[in-house]
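Each chain, written out:
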Amino acid sequence: MALVIRTTKDMLEWRKSVEGRSVGFVPTMGALHLGHEALIQKARAENELLVLSIYVNPTQFNDKSDFEKYPATWDADLKLAEKNRVDVVFAPIYSEMYPDQYSYKVIETDFSKKLCGANRPGHFDGVLTVVMRLLNLVRPEKAYFGEKDFQQLSLIQGMVKAFFLSTEIVPVETVREKDGLAMSSRNVRLFPRDREMAPLIHRVLKTAKSPLEAIQEFEKQNWKVDYVTDFSGRRFAAVYVGEVRLIDNVKI
């Protein structure tokens, strides 16, 4: 059975108690699905010990209602963790993660202002800050992040390099439903008709001749498009399918 740790003090003490053993780390906001399970399984295979964090981080939500709607599935999450032999589930509360009330933060000044960052002010400040805090608490040899959130992955890799952290950031390929939709905790919020149409995102990103053509295809569905952009050999998109903002990216 996984050990559930709620405080930073207990997390630090546990980490000290296992010095000399390799620790893998999968940070999540819960509502776990098969995409998370792929991260967990890779981490389980490559490390002696495995820590999974479940923390819905409020500092990365620029929309309060989006934060309040984020799904919470603790019992199912714990079952998935135990099924995959997770050693520790770290599930702190806000005052544990932010005893400073978020007066100290990590800010990146270039790439974080583009793509998702362009329309979500402060989002990546919150992401980088919470990941920095988690890495300092868990001190893993390796931490695992999915390529679906490719901008997030790139920024975390850059942060680790910039601050000389010893953790290796391991990318894991996007896990998709059979119909091509990238797995996301947000998918459960889609109405049935929207869920039926959502795989169009992936299909259009792969087949459109240009970002403009992709945008036009999405707008035919009356979807609000945040962006479709080609950048560094990949095509990125953020689209509102109904009320739910979904992101995806593909190699081009």
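Residue positions are given per chain, counted from 1 along the sequence in the order it is written. Where totals are concerned, whole chains, interfaces and linings use all residues; where local detail is concerned, this predicted model gives features only for residues with pLDDT of at least 70, and gives and counts side-chain atom pairs only at 80 or more. By convention in this description, side-chain values take in all heavy atoms of the structure and omit both hydrogens and water.

With that out of the way, let us pick up the nonpolar core. Buried residues of nine kinds, namely Ala, Val, Leu, Ile, Met, Phe, Trp, Tyr and Cys, make up a nonpolar core once their side-chain atoms join them within 4.5 Å. For every residue, the accessible area (1.4 Å probe, protein chains only) is compared with the maximum for its type, and the residue is labelled buried under 20%, exposed over 50%, or partly exposed between those bounds. One finds Met11, Trp14, Val51, Phe90, Met97, Val131 and Ile156 to be the most contacted residues of the largest nonpolar core, which totals 40 residues. Here a strand is any run of E in DSSP of at least two residues, a helix any run of H or I of at least four, and the numbering for each starts at the N terminus. Listing elements by their share of this core, those giving two or more residues are helix 1 (8-17), strand 2 (23-28), strand 3 (49-54), strand 4 (88-90), helix 7 (123-138), strand 5 (142-146), helix 8 (150-162) and strand 8 (234-241). Note on contacts: a residue pair is in contact if any heavy atoms of the two residues lie within 4.5 Å. If we skip the residues at most four places from it in the chain, Val51 touches Met11, Trp14, Val23, Gly24, Phe25, Val26, Val88, Phe90 and Val138. If you look at the next biggest cluster of nonpolar residues, it comprises 19 residues, including Val204, Leu205, Val241 and Leu246.

Our next topic: the packing of aromatic side chains. Each pair of aromatic rings taken from Phe, Tyr and Trp, with Trp reduced to its six-membered ring, is defined by centres within 6.5 Å and is described as stacked if the planes are under 30 degrees apart, edge-to-face if over 60, and tilted in the remaining cases. If you walk through the whole model with that rule in mind, you get seven aromatic pairs. What links up through ring pairs into an aromatic cluster is the set Phe61, Phe67 and Tyr70. Either the NZ atom of lysine or the CZ atom of arginine qualifies as a charge over a ring when it sits within 6 Å of the ring centre and within 35 degrees of the ring normal. For the cation-ring pair, Arg6 lies above Trp74, with the distance from its terminal atom to the ring centre recorded as 4.8 Å. When the ring centre of Phe150 is taken as reference, the NZ or CZ atom of Arg234 above it lies at 4.1 Å.

Position of Ala91 relative to the elements: it lies in the loop between strand 4 and helix 5 (94-97). Among the residues examined, Ala91 registers a relative accessible area of 3% and is labelled buried. As for Ala91 and Met29, which are separated by 62 residues in sequence, their C-alpha atoms are 9.5 Å apart. Beyond its immediate sequence surroundings of up to four residues, Ala91 is in contact with Ile5, Arg6, Ile54 and Trp74.

A side-chain nitrogen of Lys or Arg and a carboxyl oxygen of Asp or Glu constitute a salt bridge if their distance falls within 4 Å. Applying the stated criterion to the full structure yields 19 salt bridges. Several salt bridges share partner residues, and in doing so they unite Lys42, Glu46 and Lys142 into one network.

Let us look at the sheet that holds strand 2. Read across the open sheet, the six strands follow the order 1-4-3-2-5-6; overall the sheet is parallel. Each edge of the sheet is formed by a strand with only one pairing partner; in this case those strands are strand 1 (3-5) and strand 6 (168-172). Neighbouring strand axes in the sheet, compared pairwise and without regard to direction, differ in orientation by 25° on average. Pairing analysis gives three bridges linking strand 3 to strand 4, with the strands arranged parallel. Along strand 4, the bridge assignment pairs Ser53 with Phe90. Across the face of the sheet, helix 2 (residues 34-46) comes into contact with strand 2, strand 3, strand 5 and strand 6 while running at roughly 155° to strand 5. Of the strands in this sheet, strand 2, strand 3, strand 4 and strand 5 are in contact with helix 7, which crosses strand 2 at around 150°. In this analysis, strands are considered paired if DSSP registers two or more bridges between them. Between N-to-C directions, angles span 0 to 180 degrees; the directions come from axes that are lines fitted to C-alpha atoms, helices contributing only their stretch in contact.

So, to be careful, I would describe these as geometric facts and stop short of saying anything about function.
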